[in-house]
Amino acid sequence: MSVAGRTILITGAGSGIGRAWAEAFAAEGARVVAADIDEARLADLPEDILTVPTDVADAEQVSRMIEFAVSETCRLDVLFNNAGLGYDHSVEDSPPGAFEAHVAVHLFGCMNGMRCAIPHMRRQGHGRIVNTISRNAEFAQPGTSAYGAAKAAMWTLSRVAAKELEGSGILVNMLIPGPTNTGIWGRDMPQMQGPEATVPTARMLATLPDDGPTGKVFWDEREYPMFEVALHPPAR
C-alpha cells in the first residue's frame, strides 16, 4: 500500500479532493505531478510537488501534461482523472453551451487523460488509472443534469477501457468520494467529510496488485454496486 517512489499525476489538484491526494502522496514519498486550470492554486502547493497548468477539456494541453510528467520523472505509474466542477441549472434553464462545457471537463478530460497516458503505461507494462465519478450518476437530483450525465458516461468509458486493457498490466477503476466539503458547489458544507477522508481509497486504488480488480467502482475502500441501488431499491 506504499506510494513511495511512484509517479502520480492528479488533475484538479489545486484544491479540494485532488489537493488532499497530492499533499498526502507527496508526504508519503511519491513523485506527484499536480495539474489544474487555476495556476494560483497550483503555486500554493508544497514545493516538492511538480505542477503543470492544464485545461483538461483541451486535448493538446492534456498531451503536454502527460509528456511533462514523463519527462520530469521518466515514468507514469498512476493517473487520477479527478478535475471537475459543480453544475446547478435545470434542463430548461441551462445557458447555451453550459451543459457542453461541463461535460467537456469531466468526460472529455477523462478521455483525454487516458488516451495520452495509456501508451506510456503500455511501454512500462504497468499502470493504474483512477477516474473520479459520483452517485449523482445514479439519482435524478434536480439541477445536476450535466454533472450526472458526465459521471454516468465516465462509468461506461472506464469499464470499456478496463476491458480493452486486460492483460496489459494497466488497471482502470473508479472512485466515489462520497459527500465531501469541497468548493465545486460554491458553498461551505461543514457537515460533510473533509477531502482528506478520501485519501485511503485513493491510495488503495493507486497501489493495487497486478491481479487486482479493474473496471470497478470503489467508495470508502469497498466496491460499490453502481446503479444497482437506483434501479432496484430495497423493498419497504
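Going by the structure above, here's the rest.
What counts, and at which threshold
Residues numbered from 1 in each chain as written. Predicted model: local features only at pLDDT ≥ 70, side-chain atom pairs only at ≥ 80, totals over all residues. Heavy atoms only, no water. Buried < 20%, exposed > 50% of the residue type's maximum accessible area, 1.4 Å probe, protein only. Helix = DSSP H or I, 4+ residues; strand = E, 2+ residues; numbered from the N terminus. Pairing = 2+ DSSP bridges. Right-handed = clockwise from strand over helix to strand, strands pointing away. Contact = heavy atoms within 4.5 Å. Axes fitted to C-alpha atoms, helices over the stretch in contact; angles between N-to-C directions. Expected span 1.5 Å × (residues − 1). Bend = angle between axes of the 7 residues up to and from the residue.

Points about the pairing of strand 6 (residues 170-175)
Looking along a regular strand, one sees side chains alternate from face to face of the sheet.
Part 1 of the argument: Across the six residues of strand 6, six count as buried, placing the element largely inside the fold.
Part 2 of the argument: Bridge analysis of strand 5 (residues 127-132) against strand 6 gives six bridges, and the strand direction is parallel. Its bridge partner being in strand 6, Arg128 is matched across the sheet by Leu171.
Part 3 of the argument: Regarding the hand of the β-α-β motif, the stretch spanning strand 5, helix 5 (residues 145-164) and strand 6 is right-handed.
Part 4 of the argument: By the bridge criterion, two bridges tie strand 6 to strand 7 (residues 217-219) in an arrangement that is parallel. From the neighbouring strand, Met174 faces strand 7, where its bridge partner is Val217.

Some details on the sheet that holds strand 5
Part 1 of the argument: One open sheet holds the eight strands; their spatial order is 3-2-1-4-5-6-7-8, and the pairing between them is mixed. Each having just a single partner strand, strand 3 (50-53) and strand 8 (222-223) make up the two edges of the open sheet.
Part 2 of the argument: Examined bridge by bridge, strand 7 and strand 8 share two bridges and lie antiparallel to one another. For Trp219, the partnering residue across the bridge sits in strand 8 and is Arg222.
Part 3 of the argument: Its contacts with the sheet put helix 3 (residues 59-73) on strand 1 (7-11), strand 2 (31-36) and strand 3, and the angle it makes with strand 3 is roughly 160 degrees.
Part 4 of the argument: Of the strands in this sheet, strand 4 (78-81), strand 5, strand 6 and strand 7 touch helix 6 (residues 199-206), which is tilted by about 165 degrees from strand 6.

Section: helix 4 (residues 98-124)
Helical geometry: 3.6 residues make up each α-helical turn, so side chains three or four residues apart lie on a common side.
Part 1 of the argument: For helix 4, with 27 residues, the first-to-last C-alpha span of 39 Å sits near the 39 Å given by 1.5 Å per residue.
Part 2 of the argument: The sharpest bend along helix 4 measures roughly 40 degrees and falls at Ala104.
Part 3 of the argument: Trailing helix 4 by a residue or two, Gly125 shows a phi angle of about 75 degrees, which is positive.

Regarding helix 6
Part 1 of the argument: Here helix 6 lies mainly inside the structure; seven of its eight residues are buried.
Part 2 of the argument: Among all positions in helix 6, only Val199, Thr201, Ala202, Arg203, Met204, Leu205 and Ala206 are buried.
Part 3 of the argument: Summarising the contacts, the buried residues of helix 6 are in contact with helix 1 (16-27), strand 4, strand 5, strand 6 and strand 7.

Focus: unusual backbone geometry
A negative phi angle characterises most non-glycine residues, just as the trans form characterises most peptide bonds.
Part 1 of the argument: Positioned with a positive phi, Asp220 is a non-glycine residue whose angle comes to about 55 degrees.
Part 2 of the argument: Assignment of secondary structure puts Asp220 in the loop between strand 7 and strand 8.

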